[in-house]
Amino acid sequence: MKKRKLKKSVRILSALVAVLLVLAVAAAAVNGKRSAAAVQNETETAATAEPAAVPSETTEEDDGYIFTDERIQELRDELKEDQKINPDVKAILVFKSELVHDPVLQGTDNNHYLYVDWKTGADQSYGSIMLDYMNDLDNEDEMNTIIYGHYIYEYKNSDRTLVFTPLSQMTEAGNYADNKYVALVTDKEIRYYVVGSVFNCPMVDVNGSQVADEGFQFNLVEYDTNYFSTYMRNIKNNQYYTTGVQFEYGDKLLSLQTCIEDYLESRQIVLCKELERVKF
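Anyway, here's the lowdown on the structure attached to this text.

About the cut-offs
Residues numbered from 1 in each chain as written. Predicted model: local features only at pLDDT ≥ 70, side-chain atom pairs only at ≥ 80, totals over all residues. Heavy atoms only, no water. Pairing = 2+ DSSP bridges. Helix = DSSP H or I, 4+ residues; strand = E, 2+ residues; numbered from the N terminus. Core = buried A, V, L, I, M, F, W, Y, C linked by side-chain atoms within 4.5 Å. Buried < 20%, exposed > 50% of the residue type's maximum accessible area, 1.4 Å probe, protein only. Contact = heavy atoms within 4.5 Å. Phe/Tyr/Trp six-rings, centres within 6.5 Å; stacked < 30°, edge-to-face > 60°. Expected span 1.5 Å × (residues − 1). Arc of directions from axis to C-beta. Polar contact = N/O pair within 3.5 Å; in protein donor to acceptor, adjacent residues only side chain to side chain.

1. Focus on the pairing of strand β2 (residues 101–105)
Here strand β1 (residues 89–95) pairs with β2 via five bridges, running antiparallel. Looking at the pairing, Leu93 lines up with Asp102 of β2.

Here it is in structure tokens:
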């Protein structure tokens, strides 16, 4: 009698073990399906997500614009020597690539150095590179520093390096990377800039003089927020290519202006954004 009870208990226990095994296998299968579904869901999500933004080639962490101490000293010495020749020399404008490397003159108006050789004072068809008479390099709060220079047609002068003639190269996107950094060396500091936009500025005739069209006024020393937004929007529609540099209200700007060959009612503007100022 005891043997029959024992066999019966063994059969019941075996049955229970079998049931538990079946349940375990089923649970594993369910978990496997859930895991597979989760993986599939993650894959689908990754595939449909927007791609990460590609960082600009020009970032504020990029220190390739920095001049060596030796180079800065050379430029400071050059500035002093130029000022001995003409005290109206206010700065040295130099691209890191040497695309442009010239003294910047400032007169009491924007006409004097337009056709005057800064060294001799003699009349000269291509004049000198000049700072807008409204600018004050000692005023650290000024928003926009404006510099003008002539573009010389090749048939007038085969030297393609005079004044702002080399800036025409900046209209080609392929020349941007090698020429994107600019510096302005004054008595007190060196200002580093990156070229943020190269654009075509339409001009209109006002009382016999050509001025920037409404919404394209590159030569304002200060901007209010509303006009600055309009200006930036118009620039995007007229620029030769996109650099990746972003302008924001409050940025310190450097605006380089010259003519465009065969386009008498337009000007080329190289608009730069200040990266850093280093005091001497």
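2. Concerning the nonpolar core
Formed by 67 residues in total, the largest nonpolar core has its most connected members in Leu93, Ile147, Val195, Tyr231 and Leu256. When residues in this core are grouped by element, the largest group, nine residues, is from strand β6 (residues 189–206). Once residues within four sequence positions are removed from consideration, Tyr231 is found in contact with Phe199, Gly215, Phe216, Gln217, Phe218, Tyr223 and Leu271.

3. Concerning the packing of aromatic side chains
What characterises a pair of aromatic rings is the spacing of the ring centres plus the angle enclosed by the ring planes. Counted according to the given criterion, the structure contains 12 aromatic pairs. Taken together, a centroid distance of 6.1 Å and an interplanar angle of 65° make the contact between Tyr223 and Phe228 edge-to-face. Of the two residues, Tyr223 and Phe228, both sit in the buried class. Each ring, one from Tyr227 and one from Tyr231, has its centre 6.5 Å from the other, and the planes form 20°; the classification is stacked. Within this pair, Tyr227 and its partner Tyr231 are both found in helix α3 (residues 225–238), separated by four residues, close to a single helical turn. Among the residues examined, Tyr227 registers a relative accessible area of 14% and is labelled buried.

4. A word on unusual backbone geometry
Trans peptide bonds make up most of the peptide bonds, and negative phi angles are found at most residues other than glycine. Non-glycine residue Glu98 carries a positive phi angle of around 70°. With respect to the element layout, Glu98 can be found in the loop between β1 and β2. One non-glycine residue with positive phi stands out, namely Asp262, at about 70°. Asp262 gets classed as exposed once you look at its relative accessible area, which sits at 59%.

5. Concerning the pairing of β1
Summarising burial for β1: six of the seven residues are buried, a large majority. Linking two consecutive strands that pair antiparallel, namely β1 and β2, is a turn of five residues; a positive phi of about 70° is found at Glu98 within it. Sheet topology note: the β1/strand β5 (residues 181–185) ladder contains four bridges and is antiparallel. Bridging from a neighbouring strand, Ile92 pairs with Val185 of β5.

6. Let's talk about helix α2 (residues 69–85)
Given a rise of 1.5 Å per residue, 17 residues ought to cover 24 Å, and the 25 Å separating the end C-alpha atoms of α2 matches this to within 8%. Buried residues of α2: Ile72, Leu75, Leu79 and Asp82, and no others. Seen from one end, α2 has its buried residues packed into an arc of 85°, which puts them on one side. Turned more than 90 degrees from where α2 packs its buried face, Asp69, Glu70 and Lys84 sit exposed. Where the residues of α2 are buried, they touch β1, β2, β5 and β6.

7. A closer look at α3
Spanning 14 residues, α3 covers 20 Å between terminal C-alpha atoms, matching the ideal 20 Å at 1.5 Å per step. Listed in full, the buried residues belonging to α3 are Tyr227, Phe228, Tyr231, Met232, Asn234 and Ile235. Along the axis of α3, the buried positions cluster into a sector of 165°, meaning they face one direction only. Within α3, the exposed residues directed more than 90 degrees away from the buried face are Asn226, Lys236 and Asn237. Against the buried residues of α3 lie β6, β8 (253–260) and β9 (263–279). The backbone nitrogen of Asn226 has a side-chain oxygen 3.2 Å away, supplied by the residue at the start of α3, namely Asp224.

8. As for the environment of Pro166
In this structure, Pro166 sits in the loop between β4 (144–148) and β5. Judged by its relative accessible area of 3%, Pro166 is buried. In sequence terms Pro166 and Tyr151 are 15 residues apart; their C-alpha atoms lie 8.1 Å from each other. Apart from residues lying up to four places away in sequence, Pro166 is in contact with Leu99, Val100, Arg160 and Thr161.

These values are about where atoms sit, not about what they do.
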